[in-house]
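Coordinates in review
Residues per chain, in single letters:
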Amino acid sequence: MSEKQEIVTIDGPSGVGKSTLSRQVAAALGYTYLDTGAMYRAVALFFKRQQIDLDDEQAVCFALSGLDIQLFPAEKEDGDVGVLVNGQDESQAIRTPELGMLASRVSAIPAVRAQLTAMQQAIGRSGKIVAEGRDTGTVVFPAAAWKFYLEAEPQERARRRVAQLRAAGQEVDFEELLKQTLKRDRDDQERTLAPLKKAEDAVIIDTTCLNIQAVCAKILQIIQD
Ligand code: DC
């Protein structure tokens, strides 16, 4: 068997608690937290601003060649990772539901996946990271030593996302967000390239009735065993 990388992967659908958990697990282990979704959101924002036709492969590839994405740690301990898009701080702009939907569309484009997967693998080369997303355990880091797949009932996931967005000052409607969550999950699961799915060797955790502390403790126990 090939050698395992000192990497934790946490995959699952939107609103399942991946970000908060990944941040806490990374802090507890002294690892770097890699939010791969933030990178897809950054590409989506860049394409939107540049008015790139997502069906135009050449335009997409050309735009990608002029894109630089840098992640930086959140200012607040419980905040989202920050993102610089070509040097511009877009940390707030990428966190809207609209950008989440657009990121999902953009993430099905082969050239986008190839570029971001390569960047993520470069970040993870020396290990000691907690990577969070849809395909981190299956495609980006198949040799990760610890893989987790989180799931939760859609209603509960939408409820969590609404609470999170409202806490960040965004006005969102529960029913609309639930509809979007279901569509995004379906699209992420059904795309041919690196779809959202459980890695065969992932530990599956249903977080519907568990709080973050309980899930975090469970993950750390498995890792430190
Ligand atoms: O985790 P998030 O909501 O920030 O992700 C936004 C979208 O990006 C998600 O709907 C699908 C895409 N994504 C992906 O395809 N692969 C990843 N590893 C992370 C995110």
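Reading the values: rules and limits
- Residues numbered from 1 in each chain as written.
- Predicted model: local features only at pLDDT ≥ 70, side-chain atom pairs only at ≥ 80, totals over all residues.
- Heavy atoms only, no water.
- Pairing = 2+ DSSP bridges.
- Helix = DSSP H or I, 4+ residues; strand = E, 2+ residues; numbered from the N terminus.
- Contact = heavy atoms within 4.5 Å.
- Axes fitted to C-alpha atoms, helices over the stretch in contact; angles between N-to-C directions.
- Near = heavy atom within 4 Å.
- Nonpolar A, V, L, I, M, F, W, Y, C, P; charged D, E, K, R; others polar.

So, on to the pairing of strand β4 (residues 82-85). As paired strands, strand β3 (residues 69-72) and β4 are joined by four bridges and run antiparallel to one another. Its bridge partner being in β4, L71 is matched across the sheet by V83. Note: β4 against strand β5 (residues 88-89), two bridges, orientation antiparallel. Paired with L84 across the bridge in β5 is D89. Count of turn residues in the β4/β5 antiparallel hairpin: two residues, of which N86 carries a positive phi of about 45 degrees.

To continue, consider the sheet that holds β4. In space, the three strands of this open sheet follow the order β3-β4-β5, with antiparallel pairing throughout. The open sheet is flanked by β3 and β5, the only strands paired with a single partner. Contacting β3 and β4, helix α2 (residues 36-50) crosses the sheet at an angle of about 135 degrees to β3.

Turning to the site of the ligand, a few remarks are in order. The environment of the ligand is formed by 14 residues, the closest being R41, R113, D135, R184 and D188. Broken down by secondary-structure element, the contributors of at least two residues to the shell around the ligand are α2, α4 (97-106) and α8 (174-190). Among the elements that take part in the shell around the ligand, α2 stands out by supplying four residues, more than any other. Class assignment for the residues of the shell around the ligand results in two nonpolar, five polar and seven charged.

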